[in-house]
Amino acid sequence: MEKVKLNERIRRARVSRGLSLEDVAGRMGDISKQALSKFESGQSAPNSARLLKLAKALEVKPEYFFRQESFALAPLEFRKLAKMPKYRQDQVREQMRDHLERYISLEDCFGASIKVGLTAARSIQVASVEEAEKAAEQLRQDWKVGDDAIANLTDLLENNGFKIVLLDVSDDFDGACAATDDEQHVLISLNAARPGERMRFTAAHELGHWVMDLPASMPEKIKERCCHRFAGAFLFPAAQVRAEFGEIQRSRVHPQELLNAKALYGVSMQVAMYRLKDLGLLSEGGYKALIFTMNTNGWRKSEPGALVAERPRRFESLVFRGLAEEFFTISRAAEFLQLPISALDPKVYGALAHG
């Protein structure tokens, strides 16, 4: 935990919105980017009226600027952001930091009564892609999931101590994992615009990064393959793949079989196909034929039968529980949810949340 000054809060708010100093000056209309730069460097401080205008321009609640504490993030968060431009990486990082700060502050209002045990980072040793499959099986056993289909992966993760947030970000982002430097809190962020099956796979992939202890010497490309294998096995266990497609290697699989597996297990048709290949249940010729079919139909980019995205519920539920039990004021609840107080009217909020 670290203390954060006002000037740093202003900078983080701007970065989280992906704005330049010139952009903010343009939104405010009566200030230069040089003056804004002085606010961010701490050379001068805005008065109350200026702070309110800044909050409006940066689309944050004024209370944001007065949060005293923040959390240092472990470097794990950057693994999935390497291909993004630096300013976009910074934007996602600050959005994740902001949500994690609000989430931890919210939990602190309840004390130990809502504490959920978190699976320790790097708790399962994995030295190869094949062992990643066993790691997924082990975690399913630890979480008492068995071989059943996971109806709602987001609920399962939240029930096991993981914090989930959906971000409205650009198309170059699938998801990332951010943890406090003491590894007591971990946040998985997902692109809210992705189809449900892709979001589930990304979440399972990030879960793999968290729980698997991969050798430091392992190339990054192989680490990603391990996490892909873990995600596929966690969502679509080998026993269920064999139950759906048979025990013996096949040379042909109908695309409708993959679509059925997608509906049953919440994985993409491509993930179902890779599971068959990984488990030796589809011949090389059969695999290439499916790839050709998918390419021909444009399914590599846009599959049929897109699943509805899962929506995290725990954060929102805690806010309204705390509000009902008068653990905090309606103003604080609005700050947690990043909404105006007027939006917390039950009729208005229902329209916003489900419209």
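Since we're looking at a predicted model, the values are computed, not measured.

Basis of the calculations
Think of each chain on its own: its residues are numbered from 1, step by step along the sequence as written. Confidence filtering applies because this is a predicted model: local features only for residues at pLDDT of at least 70, side-chain atom pairs given and counted only at 80 or more, and all residues used for totals across whole chains, interfaces and linings. Processing note: side-chain calculations cover all non-hydrogen atoms of the structure and skip hydrogens and water entirely. Runs of E in the DSSP output that reach at least two residues are strands. Runs of H or I that reach at least four are helices, and both are numbered from the N terminus. As a reference, a globule follows 2.2 Å times the number of residues to the power 0.38, and the radius of gyration itself is taken over C-alpha atoms. Here the term buried applies to any residue with accessible area under 20% of the maximum for its type, exposed to any over 50%, and partly exposed to those in between, with areas from a 1.4 Å probe on protein chains only. Whether two residues are in contact is decided by their heavy atoms, any of which lying within 4.5 Å being enough. Working definition of accessibility: Shrake-Rupley area with a 1.4 Å probe, residue cover restricted to the visible protein chains. Within this document, salt bridges are pairs made up of a side-chain nitrogen of Lys or Arg and a carboxyl oxygen of Asp or Glu, the two lying within 4 Å of each other. Here, two cysteine sulfur atoms that lie within 2.5 Å of each other are counted as a disulfide. Joining through side-chain atoms within 4.5 Å is the link that ties buried Ala, Val, Leu, Ile, Met, Phe, Trp, Tyr and Cys residues into a set, and such a set is a nonpolar core. Stacked, tilted and edge-to-face are the three classes applied to pairs of Phe, Tyr and Trp rings, where Trp contributes its six-membered ring and a pair requires centres within 6.5 Å; stacked means planes under 30 degrees apart, edge-to-face means over 60, and tilted covers the rest. The criterion is that NZ of a Lys, or CZ of an Arg, lies within 6 Å of the ring centre and within 35 degrees of the ring normal, and then a charge sits over that ring. Pairing between two strands requires that DSSP report at least two bridges joining them. Lines fitted to C-alpha atoms define the axes here, with helix axes fitted over just the stretch in contact, and angles between the N-to-C directions of these axes take values from 0 to 180 degrees. For classification, angles of less than 35 degrees are called roughly parallel, those exceeding 145 degrees roughly antiparallel, those between 65 and 115 degrees roughly perpendicular, and all remaining angles oblique. Note: crossing handedness is left-handed where the near helix turns anticlockwise from the far helix by less than a right angle, and right-handed where it turns clockwise. Ten residues, namely Ala, Val, Leu, Ile, Met, Phe, Trp, Tyr, Cys and Pro, are considered nonpolar, four, namely Asp, Glu, Lys and Arg, are considered charged, and the remaining ones, Gly among them, are considered polar.

1. Re the overall build of the protein chain
Item 1. A count of helical and extended segments in the protein chain gives 16 helices and seven strands.
Item 2. By the compact-globule yardstick of 20 Å for 355 residues, the protein chain fits well, its C-alpha radius of gyration being 23 Å.
Item 3. The principal-axis extents of the C-alpha atoms in the protein chain amount to approximately 75 × 45 × 45 Å.
Item 4. Here the protein chain, with 355 residues, has 50% of them falling under the buried criterion.
Item 5. When contacts within the protein chain are restricted to residue pairs at least 6 apart in sequence, long-range pairs at least 24 apart make up 69% of them.
Item 6. When the accessible area of the protein chain is evaluated, it comes to approximately 17300 Å², of which 51% is carbon and sulfur surface.

2. Details of the pattern of salt bridges
Item 1. All told, the structure shown has 33 salt bridges when counted by the stated rule.
Item 2. Two residues, R9 and E101, come together in a salt bridge whose shortest N-O distance is 2.9 Å. Of this pair, R9 sits in helix 1 (residues 6–16) while E101 sits in helix 5 (residues 86–108), placing them 92 residues apart in sequence. E101 shares its class with R9; the two are buried.
Item 3. If you follow the salt bridges from partner to partner, you end up with E8, R9, R11, R12, K86, D90, R93, E94, R97 and E101 in one network.

3. Points about the state of the cysteines
Item 1. Tallied over the entire structure, the rule returns zero disulfides.
Item 2. A disulfide-free cysteine, C227 has its sulfur positioned 6.7 Å from the sulfur of C226, the nearest such atom.

4. Description of the nonpolar core
Item 1. Within the largest apolar cluster, 61 residues are counted, with the highest numbers of intra-cluster contacts made by M212, F230, F234 and L258.
Item 2. With residues near it in sequence (within four places) discarded, F234 still touches A136, L139, R140, W143, I150, L153, L156 and L207.
Item 3. Ranked by size, the runner-up nonpolar core spans 17 residues in total, among them M28, A55, Y64 and F65.

5. Quick word on the packing of aromatic side chains
Item 1. Scanning the model with the defined rule gives 10 aromatic pairs in all.
Item 2. Judged by centre distance (5.8 Å) and plane angle (10°), the ring pair of F230 and F234 falls under stacked. Of this pair, F230 and F234 both sit in helix 9 (residues 220–235), four residues apart, which is roughly one turn of the helix.
Item 3. Following the ring pairs from residue to residue traces out a cluster consisting of W143, F162, W210, F230 and F234.
Item 4. Lying across the ring of Y64, R9 places its NZ or CZ 5.1 Å from the centre.
Item 5. Taking NZ or CZ as reference, R140 lies 5.6 Å from the ring centre of F234, over its face.

6. Digging into the side chain of E107
Item 1. Here E107 shows up in helix 5.
Item 2. Given a relative accessible area of 13%, E107 falls into the buried group.
Item 3. Apart from the residues within four sequence positions on either side, E107 is in contact with I114, K163, H185, R314 and L318.

7. Regarding the pairing of strand 5 (residues 175–179)
Item 1. When you tally the buried positions in strand 5, you get five out of five residues, the bulk of the element.
Item 2. Judged by which residues are buried, strand 5 turns out to be covered on both faces: G175, C177 and A179 on one side and A176 and A178 on the other are all buried.
Item 3. Between strand 5 and strand 6 (residues 186–191), which pair antiparallel in sequence order, lie six residues; one of them, E183, sits at a positive phi of approximately 60°.

8. Some remarks on the packing of helix 5 against helix 14 (residues 314–324)
Item 1. Between helix 5 and helix 14, the shortest axis-to-axis distance is 10 Å and the interhelical angle comes to 45°. The orientation of helix 5 with respect to helix 14, classified from their angle, is oblique. Crossing hand, helix 5 versus helix 14: left-handed. Judged by residue contacts, H99, R102, Y103, L106 and E107 of helix 5 engage R314, F315, L318 and V319 from helix 14.
Item 2. In terms of residue class, the contact of helix 5 with helix 14 is built from five nonpolar, one polar and three charged.

9. Things to note about helix 12 (residues 269–278)
Item 1. Where burial is concerned, most of helix 12 is hidden: seven out of the 10 residues are buried.
Item 2. All of the buried residues in helix 12 are M269, Q270, V271, A272, M273, R275 and L276.
Item 3. Here the buried face of helix 12 lies against helix 6 (129–142), helix 8 (196–211), helix 9, helix 10 (238–245), helix 11 (255–265) and helix 13 (284–297).
Item 4. Phi for G280, located one or two positions after helix 12, is positive at around 70°.

10. A look at the sheet that holds strand 5
Item 1. Reading across the sheet, the three strands line up as 4-6-5 and stay open at both edges, with mixed pairing between neighbours. Sheet topology places strand 4 (163–167) and strand 5 at the edges, where each strand pairs with a single neighbour. Shown here is a sheet whose adjacent strand axes are inclined to one another by a mean of 20°, direction ignored.
Item 2. Seen against the sheet, helix 5 touches strand 4, strand 5 and strand 6 and runs at an angle of roughly 140° to strand 4.
Item 3. Seen against the sheet, helix 8 touches strand 4, strand 5 and strand 6 and runs at an angle of roughly 150° to strand 6.

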